[in-house]
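A structural walkthrough
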Protein chains: 2
Amino acid sequence: MAQPTYLTVADQLEAALINQPAGTRVESEHELARRHGVNRLTAKAALDELEQRHLVRRRRGSGTYVMHRYDYMLGSGPSPSWSETVRAGGGTPRADVVDLRRRGDTVHLRRLGYVNDDKALFKQSELAADLVPGLREALAEHGSLYDTLDRGYHLRPHRRVERAELIRPPAEVAERLELKRNTEVIAAVIRTHSDHVGREVERTRVWLRTDFFRLVVTFT
Amino acid sequence: MAQPTYLTVADQLEAALINQPAGTRVESEHELARRHGVNRLTAKAALDELEQRHLVRRRRGSGTYVMHRYDYMLGSGPSPSWSETVRAGGGTPRADVVDLRRRGDTVHLRRLGYVNDDKALFKQSELAADLVPGLREALAEHGSLYDTLDRGYHLRPHRRVERAELIRPPAEVAERLELKRNTEVIAAVIRTHSDHVGREVERTRVWLRTDFFRLVVTFT
DNA sequence: TAGTGGTCTAGACCACTGC
DNA sequence: CAGTGGTCTAGACCACTAC
């Protein structure tokens, strides 16, 4: 054959899945193997191939599911927040506070971002404590940090990206995002200035799983 | 065991390779399997793991070799060219003209970039024909396109990145870079303005293999 | 030609998930 | 509990590379 069996199976499956909504169940390794009359390892190779193409996600004990990927847009100008992008693409974003504590003049905030209830990103922010009293409650009310600074504290926030890159994640991030050993993440550093009080409000580092997000950078 | 065998083998091998120069030969699947008393597929899984971590490169019929990865830096300010980065990291960059033809007012240029004689990137440029007469010879003399515009034509070139992203490559690029089906590439669009003649000189699209380069974006 | 990695089979046991 | 994907074995044939 011109092409290995597992790639033929993968391509055929990709064509069948191309218009399926995210979360759709894909047939199991055993079913796929039986249907194509191949060994289970060959069927597994096909599904692993689709996972590497970021088209499906595989979970031990559960199954294989169709994935959608969202563009994480960064730019020298204003760019949409990750949650806006996810919502625009038909997904459901959510963010949970993992840790929030004050040390001196700074509030340290850690949050986990979810896409359709799957862990997708981790954010670590340092905020000027005097500008954000009662942050936990304000976050719970407004959801995104940007919206909280904007509508909760009326700070007229202005985001500025400092750096973005692909890296092998630090141990804590890998653990938090339940990453396999060999996967990279998108890492970005973002500063937010308040046009209202004329000071920097916060500095955020964010790490995003590359199977949920695709990095797109634009310069004006 | 707390960890699968192939990951233990991979981690042990990674530790042994961490300070080896690029191009160093790694033991074969058969040797690795014999030395650890495991099946060849388990040894293969370990080496594939290291390949996914971008630490080695595997070639059928030849062997497994230590890889080095270079940062591809892009920014709103001036950033080093890929060849500078490679040279600074101890590698040897080279670029070959694949195709060069004139259509109307525009010169279409296609080049392949090599790192230590391995195909690593593909560039496609459109230049203002009147500004670069005898381009082929000038390129052969100066090497990099930027240097050619600068020292060959004295155009005082000024590079500006327009967009950078990670994508599944177009078919032609995948073929030119000999990519496996599932790998993404760094894609960027760069425009060069001539401060000397006050016009745009060229527009380049470049695609880089992610096993040779790591995308790093900085904003000033 | 000898050695490499790529693919494939037919089994097996396991950890984990969801009901 | 049944079903899922993760790992592992012991084989085999093949395409390709380097000498």
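The coordinates are above.
Report follows, based on the coordinates. Note that the structure is a prediction, hence the values are computed from the model and not measured.

This brings us to the relation of the copies chain A and chain B. The transformation that overlays chain A on chain B combines an axial shift of 0.0 Å with a rotation of 180°, and the residual RMSD is 0.0 Å. The operation mapping one copy onto its partner corresponds to a two-fold rotation axis. A share of 100% of the interface residues of chain A reappears at the interface of chain B, consistent with the copies meeting face to face through the same patch.

Time to look at the protein's contact with DNA strand C. Taken together, the neighbourhood of DNA strand C is formed by 25 residues, with A:T5, A:N39, A:T42, B:R40 and B:K44 sitting nearest. Near-protein atoms of DNA strand C (within 4 Å) split between backbone and bases, with sugar and phosphate holding 63%. Between a phosphate oxygen of DNA strand C and a side-chain N or O atom of A:T42, the distance comes to 2.4 Å. Contact between DNA strand C and B:K44: a phosphate oxygen at 2.7 Å from a side-chain N or O atom of the residue.

Residues and elements named next belong to chain A. Turning to its location among the elements, S125 is positioned in strand β7 (residues 118-128). Within the structure, the side chain of S125 is placed 2.8 Å from the side chain of T204, a separation counted as a polar contact. If near-sequence neighbours (up to four positions away) are discounted, S125 is found in contact with V107, H108, L109, L145, E202, R203 and T204.

Opposite the 32 residues of chain A that make contact, chain B presents 32 residues. When chain A packs against chain B, close to 2,700 Å² is buried across both sides, 45% of that on carbon and sulfur atoms. Per-residue buried area on chain A facing chain B is highest for A:R181, A:N182 and A:F219; these three make up 26% of the total on that side. Viewed at the interface, chain B and chain A are joined by 8 salt bridges. As a salt-bridge pair, A:E14 and B:R168 come within 3.6 Å of each other at their nearest N and O atoms.

Residues and elements named next belong to chain B. Within the structure shown, the criterion is met by 9 aromatic pairs over all chains. Taking the centre distance of 6.2 Å and the plane angle of 70° together, the rings of Y72 and F213 count as edge-to-face. Of this pair, Y72 sits in strand β4 (residues 70-75) while F213 sits in strand β11 (residues 213-218); the two residues are 141 residues apart in sequence, bridging distant segments of the chain. Note on F213: relative accessible area 0%, which makes it buried. Look at F122 and W207: their rings are 5.9 Å apart centre to centre, the planes differ by 20°, and that puts the pair in the stacked class.

This brings us to the protein's contact with DNA strand D. Neighbouring DNA strand D are 25 residues, the closest being A:R40, A:K44, B:T5, B:N39 and B:T42. Among all atoms of DNA strand D positioned within 4 Å of the protein, those belonging to sugar or phosphate total 64%. For DNA strand D, a phosphate oxygen lies 3.3 Å from a polar atom in the side chain of A:S28. Between A:R40 and DNA strand D, the recorded distance is 2.7 Å, taken from a side-chain N or O atom to a base nitrogen. Among the elements of the structure, α2 (29-36), α3 (40-52), β2 (56-59) and β3 (63-66) of chain A together with α1 (5-17) and α3 (40-52) of chain B are those that each provide at least two residues to the surface near DNA strand D. Its residues assigned to classes, the surface near DNA strand D shows 5 nonpolar, 11 polar and 9 charged.

Cut-offs applied
- Residues numbered from 1 in each chain as written.
- Chains lettered and ligands numbered in written order.
- Predicted model: local features only at pLDDT ≥ 70, side-chain atom pairs only at ≥ 80, totals over all residues.
- Heavy atoms only, no water.
- Least-squares fit on C-alpha atoms with pLDDT ≥ 70 in both.
- Contact = heavy atoms within 4.5 Å.
- Near = heavy atom within 4 Å.
- Polar contact = N/O pair within 3.5 Å; in protein donor to acceptor, adjacent residues only side chain to side chain.
- Helix = DSSP H or I, 4+ residues; strand = E, 2+ residues; numbered from the N terminus.
- Buried area = accessible area lost by both parts, 1.4 Å probe.
- Salt bridge = Lys/Arg side-chain N within 4 Å of Asp/Glu carboxyl O.
- Phe/Tyr/Trp six-rings, centres within 6.5 Å; stacked < 30°, edge-to-face > 60°.
- Buried < 20%, exposed > 50% of the residue type's maximum accessible area, 1.4 Å probe, protein only.
- Nonpolar A, V, L, I, M, F, W, Y, C, P; charged D, E, K, R; others polar.

Everything listed here is a matter of coordinates, which is why it stays silent on function.
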